[in-house]
Protein chains: 2
Amino acid sequence: MTTTRRPRADARRNYERLLAEADAAFREGGVESSLESVARRAGVAIGTLYGHFPTRRALVGALLRERNEGLFELGERLLARPEPDALATWVRAATAHAAAYSGLAALLADGLDDETSDLHASCRRMADIGERLVARARETGAVRPDATGDDVIALTTAAASLHEHRSAAEADRLITLTMAGLAVRRL
Amino acid sequence: MTTTRRPRADARRNYERLLAEADAAFREGGVESSLESVARRAGVAIGTLYGHFPTRRALVGALLRERNEGLFELGERLLARPEPDALATWVRAATAHAAAYSGLAALLADGLDDETSDLHASCRRMADIGERLVARARETGAVRPDATGDDVIALTTAAASLHEHRSAAEADRLITLTMAGLAVRRL
DNA sequence: ACCTGAACACCGTTCAAGT
DNA sequence: ACCTGAACACCGTTCAAGT
């Protein structure tokens, strides 16, 4: 029986400070901001950052933990209590999530196929929810019969990338247009 | 009256070798590949690369010159001799162009608003062609009346980014779905 | 007119040495 | 158990000195 040991007080403090400063740095300069600068801002040596987060994606994953839980809850709620615009609601929420930091959309898009990515599990979970939602919409006839989970992934990552490189308005517009395209029943 | 002077033979050779090696490097490792490695591959000092191409985007712009001309010709041809699928043809060609190197879609998306980018002029030209094509499709009733040039830009850059981070198939599928959404006449 | 490469400032990542 | 920071390998960019 393994007990999770209480971490040393300074370790816990460093962990928290690193997370806070990484969040600030990534908000300002995107997810590819220098890790040295994050460590500097947090007032720890670079080795300490690597001690807590062995890879950049581990750090991003830790930052996304809470946000992820909120997103998954929404997904399960939409699956549990069906409503007409469930799929669109999901796509917009997932897009907002993937656009939390600039550069994140690319990391998530790559993470879905890359099993070594620290983001892989949560990417799979997002893909899974999207797939179940689109399956139900297909059965309802709300979307065309050839609509797939890949369509949902594609739209989500594409819209998040637009959010980053063009604007929130263009991202939202792409979602509207693509959802309209998905709603066309006759092929 | 300014005469374009014939460049020194070694300068011309270095220019060509830099272009060739940059193309190879960017194909393999994307448009953010190290410039030092490009200079090394071309067998010149790093200062020589900077002498010919003061910024990374100038180098990318030079690599894209011929490709760009082909694309613009296609655009003008589609505008001159209307055909039913002109807009879709354009979007697919522009997407393929923007997906020539990984990382290029982001550079082009940013270049459209950034007047200091060496890619700005060609981005504007692409946007202009897209706008004229969508205007005509709007008049024909081939697309919904609220379709804009921004929709075309958004779809193109989004699809190119999908091509890079997901697959050509997903990129193409997004184009199909969004074009279907644009074709919906009733709002 | 063009090329070279040292110089400067910066970064990712590891790991021996400390406490 | 965790932290430090030097060490290594690499990069972007500039510019004085050469030819």
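Residues take numbers from 1 onward in each chain, read along the sequence in its written order. Lettering of chains starts at A and numbering of ligands starts at 1, both following the order in which they are written. Two thresholds apply to this predicted model, a pLDDT of at least 70 for residue-level local features and 80 or more for giving and counting side-chain atom pairs, whereas whole-chain, interface and lining totals are computed over all residues. The side-chain numbers reported here are obtained from all heavy atoms of the structure, hydrogens and water having been left aside.

- Under the annotation held in an unreviewed UniProt entry, chain A carries the name TetR/AcrR family transcriptional regulator and is attributed to Nonomuraea rhodomycinica.

**Considerations on the side chain of Asp23(A)**
Residue and element names in this part refer to chain A.
Piece 1. Note that aspartate 23 resides in helix α1 (residues 9-29).
Piece 2. Relative accessible area serves as the criterion here: at 18%, aspartate 23 is assigned to the buried category.
Piece 3. Polar contacts, as used here, are pairs of N or O atoms within 3.5 Å; protein pairs need one atom able to donate a hydrogen and one able to accept it. Residues neighboring in sequence count only if both atoms are side-chain atoms. Only 2.5 Å separates the side chain of aspartate 23 from the side chain of tyrosine 101, close enough to count as a polar contact.
Piece 4. Residue contacts are defined here by distance: any two heavy atoms, one from each residue, within 4.5 Å place the two residues in contact. Dropping the residues within four chain positions of it, aspartate 23 is found in contact with Leu63, Arg67 and Tyr101. Only runs of H or I of at least four residues qualify as helices and only runs of E of at least two qualify as strands under DSSP, and these elements are numbered from the N terminus. Exposure is judged per residue with a 1.4 Å probe applied to protein chains only, and the accessible area is read against the type maximum: over 50% gives exposed, under 20% gives buried, and values in between give partly exposed.

**Comments concerning the layout of surface pockets**
Piece 1. For the largest pocket, the calculated volume is near 610 Å³.
Piece 2. Of the grid points, spaced at 1 Å and generated over the protein atoms alone, those admitting a 1.4 Å probe that cannot get out make up cavities, while open sets with protein on both sides within 12 Å along at least five of seven lines make up pockets; any residue with an atom within 4 Å of a point is treated as lining. Looking at the largest pocket, it is lined by 37 residues, and the ones nearest its centre are Glu164(A), His165(A), Ala106(B), Glu164(B) and His165(B).
Piece 3. Of all the secondary structure elements, the ones that give two or more residues to the lining of the largest pocket are α6 (104-111) and α8 (149-165) of chain A together with α6 (104-111) and α8 (149-165) of chain B.
Piece 4. Each residue receives one of three labels: charged for Asp, Glu, Lys and Arg, nonpolar for Ala, Val, Leu, Ile, Met, Phe, Trp, Tyr, Cys and Pro, and polar for the others, Gly being one of them. Looking at the lining of the largest pocket, its residues break down into 14 nonpolar, 16 polar and 7 charged. Grid points are joined across faces, edges and corners, and a volume is the space filled by probe spheres set on the points.

**Notes on the pattern of salt bridges**
Piece 1. Should a side-chain nitrogen of Lys or Arg be within 4 Å of a carboxyl oxygen of Asp or Glu, the pair is scored as a salt bridge. The full count for this structure, using the stated rule, is 32 salt bridges over all chains.
Piece 2. Between Asp10(B) and Arg8(B) there is a salt bridge, with its nearest N and O atoms 3.0 Å apart.
Piece 3. Under the relative-accessibility criterion, Arg8(B) is labelled exposed at 63%.
Piece 4. Linked through salt bridges whose partners overlap, the residues forming this network are Glu76(A), Arg125(A), Asp128(A) and Arg132(A).

**A word on the protein's contact with DNA strand D**
Piece 1. Definition of nearness: a residue and a molecule or strand are near each other if at least one heavy atom of the residue lies within 4 Å of the molecule or strand. Around DNA strand D lies a shell of 18 residues, among which Arg8(A), Asn14(A), Thr48(A), Tyr50(B) and Arg56(B) are the nearest.
Piece 2. Here the atoms of DNA strand D within 4 Å of the protein split so that 67% fall in sugar or phosphate, with bases taking the remainder.
Piece 3. At 3.4 Å, a backbone N or O of Gly47(A) approaches a base oxygen of DNA strand D.
Piece 4. In this structure, a phosphate oxygen belonging to DNA strand D sits 3.5 Å away from a side-chain N or O atom of Arg40(B).
Piece 5. Listed by contribution, the elements that provide at least two residues to the surface near DNA strand D are α1 and α3 (46-52) of chain A together with α2 (35-42) and α3 (46-52) of chain B.
Piece 6. Counting residues per element, the surface near DNA strand D draws most heavily on α3(A), which supplies 4 residues.
Piece 7. Counted by class, the surface near DNA strand D contains 7 nonpolar, 6 polar and 5 charged residues.

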